[in-house]
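Structural description and commentary
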Amino acid sequence: MTGPDTHETQERDAIIVGAGFSGLYMLHRLRALGFSVRVYEQASDVGGTWYWNRYPGARCDVESMQYSYSFSNALQQEWQWTERYAGQAEILRYALHVAERFDLRRDITFDTRVTEAAFDETAQRWTVAFDDGTRASASFLIMAIGCLSNARTPDFPGLSEFAGKVWHTGHWPHEGVDFSGLRVGVIGTGSSAIQAIPVIAREAKHVTVFQRTPNYSIPARNRPLTDDERTWWRANYARVRQSARREARNGIFADYPVKGALEDDDETRRRRFEGRWEQGGIPFMSAYNDISLDESANDTAANFVREKIGAVVKDPGLAALLQPTSYPIGTKRICLDTDYFETFNRDNVTLVDVRAAPIERITAAGVRAGGTEHALDAIVLATGFDAMTGSFAKLDIRGRRETLNAKWAEGPKTYLGLMIAGFPNMFMITGPGSPSVLSNMMVSIEQHVDWIADCLAWLRERDIAGIEAAQHAEDQWVAHVNEVAQATLYPRAASWYMGANIPGKPRVFLPYIGGVPVYRQICDDVAAKGYEGFALTPRHRAAAE
Ligand SMILES: Cc1cc2nc3c(=O)[nH]c(=O)nc-3n(C[C@H](O)[C@H](O)[C@H](O)COP(=O)(O)OP(=O)(O)OC[C@H]3O[C@@H](n4cnc5c(N)ncnc54)[C@H](O)[C@@H]3O)c2cc1C
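This report concerns the structure included in the present document. Per chain, the residues get numbers from 1 upward, laid out in the order the sequence is written. Per-residue local features are limited, in this predicted model, to residues with pLDDT of at least 70; the limit for side-chain atom pairs, both in listing and counting, is 80 or more; totals at the level of whole chains, interfaces and linings are taken over all residues. As a rule here, side-chain values cover all heavy atoms of the structure and leave hydrogens and water aside.

Before going further, it helps to spend a moment on the overall build of the chain. From N to C terminus, the chain includes 16 helices and 20 strands. What the globule rule says is 2.2 Å times the number of residues to the power 0.38, and the radius of gyration is computed from C-alpha atoms. At 24 Å, the chain has a C-alpha radius of gyration in line with the 24 Å of a compact globule built from 545 residues. Projected onto its principal axes, the C-alpha coordinates of the chain cover approximately 75 × 55 × 45 Å. Only protein chains enter the accessibility calculation, which uses a 1.4 Å probe. A residue is then buried if its area is under 20% of the maximum for its type, exposed if over 50%, and partly exposed in between. Across the 545 residues in the chain, those meeting the buried criterion constitute 60%. Only DSSP runs of H or I covering at least 4 residues are called helices, and only runs of E covering at least 2 are called strands; the numbering of each starts at the N terminus.

Here's what the structure looks like:
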């Protein structure tokens, strides 16, 4: 690594990369423990996901009373969420509030992208290089770089020749976009597109949606929260948060059934699905406990949703195109919507099935698909992210023996999704091999941050300079992650959980599907056994080597 050394003068305990919800809480915890810490963030402010994804309709799909920090009771009692599912602007305001409230900004350097990181075995330190050519070093490196932070722009031929504007949902302009009078093409029909299309269609002259794979979507039933509801959550937070951490597979407090879908007769099952459909949201997927495990059970839920789509969309041909049939429901991240399917009844919305009529190229005037030119003034790329590993792949991270990109060439290998053999003293928050994107991320983020903070305090107490995942522990964990995934229906979908949205990316099931409570227990047990599966290097030995 070359370049001036402006940050090097400070011998820090830890460097955190990223100032989203993970980085903010990590900074708060480590500072409270008396560690010297600096956060580096490429954006100009805090918020991560909610800083970047400002597209119309962007909002969370875990209810805000649960998609929020639990570490400060005063914070959760005082913050006033206005809607059942807060919009992007409100979630960003919350992140800004947290930064202010806990005085976090003074230890964050913004507008600074980490480009490289290398471990110096002699000094037992990480040196990190930034895009401005400067460097910094610390004993511990904590990657809080996000699972869905590397927006993916497909390389359609001709994209740069398009005469109109092109926006990616994951890099939305801060000043917003006025769609009035525009013919807009939306490429993609994943979660972001499903949120954005109804809002854009209300404003634009015409919207052409380019769909490769239809998605299952459940009505969000978003609405303002009442005072009574907020009061209930606040009064019950202790119990609710505990249940989300210790009982709910996906980290979301809900009413979980103890029976499978086929244990009910048709009519009872339909009533149950209707109830969950009316209630709205992700809990639809836990109407029964075997929807993600058993194909016949899954079919009952998938058929129900397909029927609902058929009932909403007036044109039967269009309805058929919007009904997913090629993968089990829930094996791609379930989407929540407000009037998504209804939007296709509008006169100003057209659906192009790019499986039948593939996009050939972008021209100056629009998109050519299946030999037809669709004239457009603007294109919205709702093409998702290189999930979980994408932000790592962009970095040149050098461990003891090799680079991370070399090590992960055939898919990510981690121990607990927290550390990597050959990369001592480097932690990941919600890394591949942990429940992360299969869960309420707030629950998973807090769990990882607490585990890492407790670990660093434990090491300091014992004068241990280095911690590294042992190869055998990593091998066993990777095998376990795969084994658990194979026992479910998830690998049946060509999803971003599998890396299938990125050409050339290895097909590996990225998150750990064993559930939040089981995973937490494993992590707790590992710590209780003196960090079982990790090699520890005492400070005097590190100094002698
Ligand atoms: C549109 C959308 C909606 C979502 N809704 C939900 C939801 O309802 N519920 C849920 O549980 N999860 C949801 N998620 C997932 C969401 O990403 C997490 O909930 C959470 O915000 C992640 O926080 P984080 O801090 O771990 O990562 P991020 O918020 O992604 O933050 C990572 C930060 O690291 C920075 N960074 C990355 N690389 C570098 C580098 N090399 N140098 C410097 N900085 C870097 C990025 O700029 C970013 O600010 C959603 C994601 C998206 C995209």
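From this point, things continue past the structure.
For the rest of this paragraph, the subject is empty space enclosed by the protein. Grid points spaced at 1 Å over the protein atoms alone were grouped into cavities, where a 1.4 Å probe fits but cannot get out, and pockets, open sets with protein on both sides within 12 Å along at least five of seven lines, with lining residues defined by an atom within 4 Å of a point. Grid points are joined across faces, edges and corners, and a volume is the space filled by probe spheres set on the points. Considering all chains together, one arrives at five cavities of 30 Å³ or more under this definition. Approximately 100 Å³ is the volume attributed to the largest cavity. Along the walls of the largest cavity sit 15 residues, with Gln-66, Ser-70, Arg-241, Ala-244 and Val-443 positioned nearest its centre. Top element by residues in the lining of the largest cavity is helix H6 (residues 227–246). It accounts for five residues. Of the residues belonging to the lining of the largest cavity, the class tally is six nonpolar, five polar and four charged. Within this model, the second largest cavity holds a volume of roughly 50 Å³. Lining the second largest cavity are Asp-61, Val-62, Glu-63, Tyr-85, Ile-252, Ile-282 and Pro-283. Under this grouping Gly is polar, as are all residues other than the nonpolar Ala, Val, Leu, Ile, Met, Phe, Trp, Tyr, Cys and Pro and the charged Asp, Glu, Lys and Arg.

Next up on the list: the sheet that holds strand S14 (residues 366–369). Paired strands, in this sense, are two strands between which DSSP finds at least two bridges. The strand order S13-S14-S15 describes an open sheet built from three strands, whose pairing is antiparallel. If you trace the sheet from one side to the other, it starts and ends with strand S13 (359–362) and strand S15 (372–375), each paired once. The mean inter-strand angle of the sheet, taken between neighbouring strand axes irrespective of direction, is 25 degrees. For S14 and S15, the ladder comprises four bridges, and the chain directions are antiparallel. Paired with Val-367 across the strands is His-374, a residue of S15. Helix axes are fitted to C-alpha atoms over the stretch in contact, other axes to C-alpha atoms as well, and angles between N-to-C directions run from 0 to 180 degrees.

In space, the five strands of this open sheet follow the order S7-S16-S8-S9-S12, with parallel pairing throughout. Only two strands of the sheet have a single partner each, and these edge strands are strand S7 (165–168) and strand S12 (349–353). Pairwise comparison of adjacent strand axes, ignoring direction, gives a mean angle of 20 degrees for this sheet. By the bridge criterion, five bridges tie strand S8 (residues 183–187) to strand S9 (residues 206–211) in an arrangement that is parallel. Each bridged residue has a counterpart across the sheet, and for Gly-185 the counterpart in S9 is Thr-208. Two residues form a contact once any of their heavy atoms are found within 4.5 Å. With respect to the sheet, helix H5 (residues 191–203) is in contact with S8, S9, S12 and strand S16 (378–381), its orientation differing from that of S8 by roughly 170 degrees.

In this section: the packing of aromatic side chains. Here the distance between the centres and the angle between the planes together describe a pair of aromatic rings. Only rings of Phe, Tyr and Trp enter the pairing, Trp through its six-membered ring, and a pair is recorded when the two centres are within 6.5 Å. The plane angle decides the type: under 30 degrees is stacked, over 60 is edge-to-face, the rest tilted. Applying the stated criterion across every chain yields a total of 44 aromatic pairs. Each ring, one from Phe-71 and one from Phe-102, has its centre 5.3 Å from the other, and the planes form 50 degrees; the classification is tilted. Highlighted residues: Phe-71 in the loop between helix H2 (49–52) and helix H3 (73–78) and Phe-102 in the loop between helix H4 (88–101) and strand S3 (108–109), separated in sequence by 31 residues. A ring is scored as having a charge over it whenever the NZ atom of a lysine or the CZ atom of an arginine sits within 6 Å of its centre and within 35 degrees of its normal. In this arrangement the basic side chain of Arg-272 is found over the ring face of Tyr-288, its NZ or CZ atom lying 5.6 Å from the centre. The ring of Tyr-327 is capped by Lys-332, whose NZ or CZ atom sits 5.2 Å from the centre of that ring.

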